[in-house]
Amino acid sequence: MEFRKEVRSTEILSPLIQFESEVQSIEYREDPLTGSQCRINVARAVRVRQVQQAGVEVREVIERTASGCSFCPQNISQRTPKFPPILLPEGRIERGECLLFPNLYPFAEYHAVATLTGRHFLELDEFTTQMLVDNLMASKDFIALVQQKDEKAVYPMWIWNHLPSSGASIIHPHVQITVDRTPTPELGKLIGKSEEYWRQRRMNYWQELIEVERGIGERYVGENDSVAVIASFAPRGNNEVQVIFKGPVNLIDLDERQIRDFSSVIVKILYCYKGMGVNSFNLITYSAPLMERPDYFWMSARIISRPVFQPFYTSDAGFMERFYDVWVIETLPEEVAREMRTTF
Ligand SMILES: [Zn+2]
């Protein structure tokens, strides 16, 4: 396993100190499995963003959206759709605070939404392990139902966007669950590259990644019986952390104990994010196809922070991310791991 990185320095004339120059270093890094490229310049974190100096209160947005919210307990049973009886006679899946129902505006063949809590808004340190366990168990039930009805739909995703700067259109905490016949290109690449790695080295890449990172220690955050947590060497977003399952390859194979272990580390990561000043994030899962148990692939999840949600903010996805598939990052993975380790 090779962690490829190259540091290039740029000397720039500082406008503040005329005639004096400042040196900034840019780390060009490549993902050890896929070669996906990112460029890290931690100096970008402190650069002046004109619109972010406004600092308008976000509480106002939360309160304004609460009264008419379709996901709040007083509205949810009237305003959310139901699955057809052929898929699910009850129409929706309920478990704890979670209610799972169809997405009104789907972008997948099977596309559900599942709430995490009855409360309209939670700070990142207010989510509990039980909320996530209930949500994931309900999601697993949904995936199993789809699988029974349509054996070609084998690629499940469990996705969580939190607050509008992450792409979420509804403030109320919720996840999305999709099941499709084909993998997304990135998942297809991960599965393909994992197989290639297995063929060439007779090693499961994910198992080796955990062992190597545990040995190096720099990006290793912690682990429990079911999952290991590592700050990605070449992240696709700021403060990126990956949660790698030790053995399970897809969402449907997780038992309640593994779901609980996974949920407890997510709760810890969110707690750390809160301490780092983050309020918005994307969390995604990479799952192998249902019914397949490849030796070369272990399921994982990734989480990245998104711009702090406030009425006006600067997006972190510019031309490099949208058009060139290069991720411009302002947080150093080794620093992210060091900060999170204290909580694990
Ligand atoms: Zn709500």
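Let me begin by describing the structure that accompanies this report. (Residues numbered from 1 in each chain as written. Predicted model: local features only at pLDDT ≥ 70, side-chain atom pairs only at ≥ 80, totals over all residues. Heavy atoms only, no water.)

Side note on the pairing of strand E5 (residues 98–102)
Logical step 1: Judged by how many residues are buried, E5 sits mostly within the fold: five of five residues are covered.
Logical step 2: Here three bridges tie strand E4 (residues 93–95) to E5, and the two strands are oriented antiparallel to one another. If you follow Glu94 over to E5, its bridge partner there is Leu99.
Logical step 3: Where E5 lies against strand E6 (residues 110–115), three bridges are found, and the strand directions are antiparallel. Opposite Phe101, over in E6, you have Val113 as the bridge partner. (Buried < 20%, exposed > 50% of the residue type's maximum accessible area, 1.4 Å probe, protein only. Helix = DSSP H or I, 4+ residues; strand = E, 2+ residues; numbered from the N terminus. Pairing = 2+ DSSP bridges.)

Observations regarding the coordination of the zinc ion
Logical step 1: In this structure, Cys69 (SG), Cys72 (SG), His120 (ND1) and His172 (ND1) serve as the protein donors to the zinc ion, at separations of 2.1 to 2.3 Å.
Logical step 2: Each of the four donor atoms around the zinc ion contributes to a set of angles spanning 99 to 118°, which defines the coordination as tetrahedral.
Logical step 3: Considered as a linear motif, the donors of the zinc ion on their single chain read C-x2-C-x47-H-x51-H. Of the two residues, Cys72 sits in the loop between helix H1 (59–66) and helix H2 (76–79) while His172 sits in the loop between strand E7 (155–162) and strand E8 (174–180), which places them 100 residues apart along the sequence.
Logical step 4: On the basis of relative accessibility, which here comes to 5%, the residue Cys72 falls in the buried class.
Logical step 5: The class of His172 is buried, set by a relative accessible area of 0%. (Donors = N, O, S within 2.8 Å, 3.2 Å for Na, K, Ca; no water. Tetrahedral: all angles 85-135°; square planar, octahedral: opposite > 155°, others 65-115°.)

Brief notes about the environment of Val328
Logical step 1: Within the element layout of this structure, Val328 appears in strand E14 (residues 326–329).
Logical step 2: Under the relative-accessibility criterion, Val328 is labelled partly exposed at 27%.
Logical step 3: Distance in space between the C-alpha atoms of Val328 and Asp180 is 30 Å, their sequence separation being 148 residues.

Notes on unusual backbone geometry
Logical step 1: Backbone geometry at Met291 places phi at a positive 75°, although glycine is not the residue there.
Logical step 2: Assignment of secondary structure puts Met291 in the loop between strand E12 (281–286) and strand E13 (300–305).
Logical step 3: Looking at Met291, the relative accessible area reads 62%, which means it is exposed.

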